[in-house]
Amino acid sequence: MKGVILGGGLGTRLSPLTEITNKHLLPVGKEPMIWHSVKQLVLSDIKDIMVITSTNHMGSVVNSLGSGKRFGCDFTYRVQEETGGIAHALSLARQFTGDDRIVVLLGDNIFEYSIAPYVEEFRGQNQGARVLLKAVGDPDRFGIAALDEKSIIQIEEKPSQPKSNHAVVGCYMYDSQVFDIINKIAPSGRGELEITSVNNEYIARQQLKFSFVRGRWTDAGTFQSLNEANLLLLKNNNAILD
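What counts and what doesn't
Residues numbered from 1 in each chain as written. Predicted model: local features only at pLDDT ≥ 70, side-chain atom pairs only at ≥ 80, totals over all residues. Heavy atoms only, no water. 1 Å grid on protein atoms, 1.4 Å probe; cavity = no way out; pocket = protein on both sides within 12 Å on 5 of 7 lines; lining within 4 Å. Points joined across faces, edges and corners; volume = space filled by probe spheres on them. Helix = DSSP H or I, 4+ residues; strand = E, 2+ residues; numbered from the N terminus. Nonpolar A, V, L, I, M, F, W, Y, C, P; charged D, E, K, R; others polar. Polar contact = N/O pair within 3.5 Å; in protein donor to acceptor, adjacent residues only side chain to side chain. Contact = heavy atoms within 4.5 Å. Core = buried A, V, L, I, M, F, W, Y, C linked by side-chain atoms within 4.5 Å. Buried < 20%, exposed > 50% of the residue type's maximum accessible area, 1.4 Å probe, protein only. Arc of directions from axis to C-beta. Salt bridge = Lys/Arg side-chain N within 4 Å of Asp/Glu carboxyl O.

Participant: Explain the layout of surface pockets here, please?
Facilitator: In this approach, a probe sized like a water molecule rolls over the atoms, and the result shows the empty space that is left. The volume enclosed by the largest pocket comes to roughly 990 Å³. Along its surface, the largest pocket is lined by 38 residues, and R13, K23, I86, L106 and R190 are the ones closest to its centre. Elements represented by at least two residues in the lining of the largest pocket include exactly strand 1 (2–7), helix 3 (86–91), strand 11 (166–174), helix 7 (195–204) and strand 13 (217–219). By residue number, the principal contributor to the lining of the largest pocket is strand 11, which donates four residues. Partitioned by chemical class, the residues of the lining of the largest pocket number twelve nonpolar, 16 polar and ten charged.

Participant: Sorry if this is basic, but what is going on with the side chain of N230 here?
Facilitator: Turning to its location among the elements, N230 is positioned in helix 8 (residues 223–235). Of the polar contacts made by the side chain of N230, one reaches the backbone oxygen of P27; its length is 3.5 Å. For N230, the residues in contact, after removing those within four places along its chain, are P27, V28 and G29.

Participant: Explanation requested: the nonpolar core in the structure shown.
Facilitator: Nonpolar side chains in soluble globular proteins generally cluster together in the buried interior. Counting 34 residues, the largest nonpolar core has V4, L90, I152, Y174, V178 and V198 as the members making the most contacts within it. The residues touching V198, leaving out its near neighbours within four places in the chain, are A87, Y174, V178, I181, I182 and I185. One finds L41, F71, L132 and V136 within the second-largest nonpolar core, a separate group that totals 32 residues.

Participant: Mind showing me how you'd approach helix 7 here?
Facilitator: Residue pairs spaced three or four apart in an α-helix point in one direction, given the helix's 3.6 residues per turn. Residues of helix 7 that are buried: I195, T196, V198, N199, Y202 and I203. Projected onto a plane normal to the axis of helix 7, the buried residues spread over an arc of 160° and lie on a single side. Q206 occupies a position one or two residues after helix 7 and carries a positive phi of about 60°.

Participant: How should I be thinking about the pattern of salt bridges in this particular structure?
Facilitator: Side chains that differ in sign of charge can pair as their charged atoms come close. Scanning the entire structure with this criterion turns up 14 salt bridges. Taking the shortest distance from any N to any O, the salt bridge between K47 and D45 comes out at 3.8 Å. Overall, the relative accessible area of 36% leaves K47 in the partly exposed class. Here R141 and D219 are joined by a salt bridge, their closest N and O atoms 3.0 Å apart. Linking R141 in the loop between strand 8 (129–135) and strand 9 (143–147) with D219 in strand 13, this pair joins segments that are 78 residues apart in sequence. Judged by its relative accessible area of 10%, D219 is buried.

Participant: What am I meant to see in unusual backbone geometry here?
Facilitator: Apart from glycine, the bulk of residues carry a negative phi angle, and the bulk of peptide bonds sit in the trans form. At the junction of S15 and P16, the peptide bond is cis and its omega measures out at 10° in the coordinates. If you trace the backbone, P16 turns up in the loop between strand 1 and strand 2 (27–28). Although it is not a glycine, Q206 sits at a positive phi angle of roughly 60°. Here Q206 is to be found in the loop between helix 7 and strand 12 (208–212). Residue Q206 is classed as exposed on the basis of its relative accessible area, which comes to 74%.

Laid out in structure tokens, this is it:
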């Protein structure tokens, strides 16, 4: 199993901080934000990791992460030259991934507890994908899952009238079908390849499983949520709880 960390984008909601650095290099607690994603993957016994980021900040990201030796892993780097959505960024990992399964983390997502138990659940699947859900107070910011007792019926991106308050957080687990699915989906109204479209195709194939996130979680994409991420990790001295 391989890991992919998506660390591109413009980070416009955090301007002017992101005028001088990549959002994923901003500090959360005592470390750069992207270190948290690396540590999550390594704790899940995933040591072969691709980091995808933008042209402007690749040098800074490499300077921070290096070869992976300090984390006990190996990094491969790839540049996303244009902002085409999460699914577009993920498509750049096709050659790196081969036929392996992958765990994809958005580099601005912060989890209080280790994702390792969910990765183990994914390892036990014969095929398909797995997403993580967390109840949120602002569902119009996220992809929201409509659930029945045992499965996700549909995921709706930033709904004005959400069918639940369960957000699909920025940790996605896929088998090798994902790249063919990305090739077939159409751009959204904002001209991007949406990860929600990918996940809905797995639902159509009856191959999408889910787990509920334990403990606190935030995406550090706004000033408020960046502050929440800082408080969360400072409280635990940047440790990830078991």
